[in-house]
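Residue-level structural notes
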Amino acid sequence: MRSAVIRTAAGGLVVAVSSACQPAADGDRAAAPAMGYELVEGWGGAHEDMGTVTAVDVDDDGNVYAFRRDANDVLKLDADGNLLEEWDQDFAQWAHGIRVGPDGAIWTVDGQGHQVKKWSRDGRELLMTLGDYGVAGETPGRFNRPTDIAFGPDGELFISDGYGNSRVVKYDRNGEFITAWGEPGTGPGQFDLPHTIVVDARNRVLVGDRENARIQIFDLGGNLLEVWDHLGSPYGLAIDDNDRLYVADLVNARIRIARASDGELLETIEDTKAIHWVAVDGQGNVYAATPAPSISQFWDDPSEVWYLRKYRKVGNP
């Protein structure tokens, strides 16, 4: 039996026992097969055709959006991995993050261009731009290598401003600055590369504090609520409709799946070398992306290289 240790902001400890490690009753074994995931071989085509993928997300119709780093463009695929569209607009200088917003708009995060952009659903019209292109800063209107974006209950925008700055920046739905919080460090509320960000069903802001190997949880105003240090190194975060949290852990080459409410680890998907981003569709299928900056760093055999994968959910939740 494995315990997941959750550290609160006050420094206390809460021990949550992972149900994935508890033996099932005999009757339960026969009635409810365990849930798991199977790799969909060849999904999306050969890796050399796909190209490096820094981030991935899925819309309500099950369409998949792959943000490609080498090309700095977006591929739109259907659930079977068939290419529907290739968007070649000037999305970024250095592609980093992509999210489908609550209204279906597509948001792209340009790490080295220091911008976050909102696009129409078809990727043809630029609807909003935050940040000045190529200009780094730590002011209300500028970023220093931002990484990700999340959405609040009233349309608020939360941007993890992570490689150059160590903060979260909050805007209203129209892009007007509200507040920012965070500074470099290892203490509570400090960051060492806030790399990914999501808002859960309880309106808590979960920030993947990558180099500190923890997830810090805040309220909508930036007040620290909890710190979880038992889910690996969070490169990417996603939450599904069943309140399950998916953590892309590059350091340990796995996707950790936990309850979003309390962080209890439920299961893992193994052998996800170089994983940088994770997404989940309405059926619980999981998508993993990697920009693979150095193939030899992760793979000995070039035939094992992948840039975008789909894991089909099997069994019961």
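The structure under discussion appears in the preceding block.
So, here's what we can say about the structure. (Residues numbered from 1 in each chain as written. Predicted model: local features only at pLDDT ≥ 70, side-chain atom pairs only at ≥ 80, totals over all residues. Heavy atoms only, no water.)

Bringing the overall build of the chain into the picture now. When you go through the chain residue by residue, the secondary structure sums to three helices and 26 strands. By the burial criterion, 55% of the 317 residues in the chain qualify as buried. Expressed as a percentage of contacts within the chain between residues at least 6 apart in sequence, the contacts between residues at least 24 apart total 45%. A total of about 13,300 Å² of accessible surface is found on the chain, and carbon and sulfur atoms cover 44% of it. (Helix = DSSP H or I, 4+ residues; strand = E, 2+ residues; numbered from the N terminus. Buried < 20%, exposed > 50% of the residue type's maximum accessible area, 1.4 Å probe, protein only. Contact = heavy atoms within 4.5 Å. Areas by Shrake-Rupley, 256 points an atom, 1.4 Å probe, with all protein chains shown as cover.)

Moving on, we come to the layout of surface pockets. In this structure, the largest pocket encloses a volume near 980 Å³. Taken together, 34 residues form the lining of the largest pocket, with V58, D60, V100, I239 and D241 sitting closest to its centre. Counting residues per element, the ones that place at least two in the lining of the largest pocket are β4 (53–58), β8 (95–100), β12 (148–151), β16 (194–199), β20 (234–239) and β24 (277–280). The residue inventory of the lining of the largest pocket, partitioned by class, reads 16 nonpolar, six polar and 12 charged. (1 Å grid on protein atoms, 1.4 Å probe; cavity = no way out; pocket = protein on both sides within 12 Å on 5 of 7 lines; lining within 4 Å. Points joined across faces, edges and corners; volume = space filled by probe spheres on them. Nonpolar A, V, L, I, M, F, W, Y, C, P; charged D, E, K, R; others polar.)

When you tally the buried positions in strand β5 (residues 64–68), you get five out of five residues, the bulk of the element. Covered by surrounding structure in β5 are V64, A66 and R68 together with Y65 and F67, the residues of both alternating faces. In this sheet, β5 lies alongside β4 in antiparallel orientation, the contact comprising five bridges. Of the residues in β5, the one forming a bridge with V53 is R68. Once β4 ends, the chain turns through five residues before running back antiparallel as β5, passing G62 with a positive phi of about 85 degrees. Here five bridges tie β5 to strand β6 (residues 73–77), and the two strands are oriented antiparallel to one another. Note that in β6 the partner of F67 across the bridge is V74. Joining the antiparallel neighbours β5 and β6 is a turn of four residues, in which N72 adopts a positive phi near 55 degrees. (Pairing = 2+ DSSP bridges.)

One can find V135 in the loop between β11 (126–130) and β12. The exposure class assigned to V135 is partly exposed, which follows from its relative accessible area of 30%. A sequence separation of 21 residues divides V135 from H114, and the C-alpha atoms of the two residues are 6.5 Å apart. Discounting chain neighbours no more than four positions away, the residues touching V135 are H114, R142 and F143.

Our focus in this paragraph is the sheet that holds strand β21 (residues 244–249). If you trace the four strands from one edge of the open sheet to the other, you get β20-β21-β22-β23, paired in antiparallel fashion. Since the sheet does not close on itself, it has two edges, and those belong to β20 and β23 (265–270), each with one partner. Sheet twist, expressed as the average angle between the axes of neighbouring strands with direction ignored, equals 20 degrees. With five bridges connecting them, strand β22 (residues 254–259) and β23 associate as antiparallel partners. Across the sheet, R256 pairs through a bridge with T268, a residue of β23. (Axes fitted to C-alpha atoms, helices over the stretch in contact; angles between N-to-C directions.)

On to the sheet that holds β5, then. Here four strands make up an open sheet; going across it, the order is β4-β5-β6-β7 and the pairing antiparallel. With partners counted over all chains shown, the strands left at the sheet margins are β4 and β7 (83–87), one partner each. Taking each pair of neighbouring strands and ignoring which way they run, the sheet shows an average axis angle of 20 degrees.

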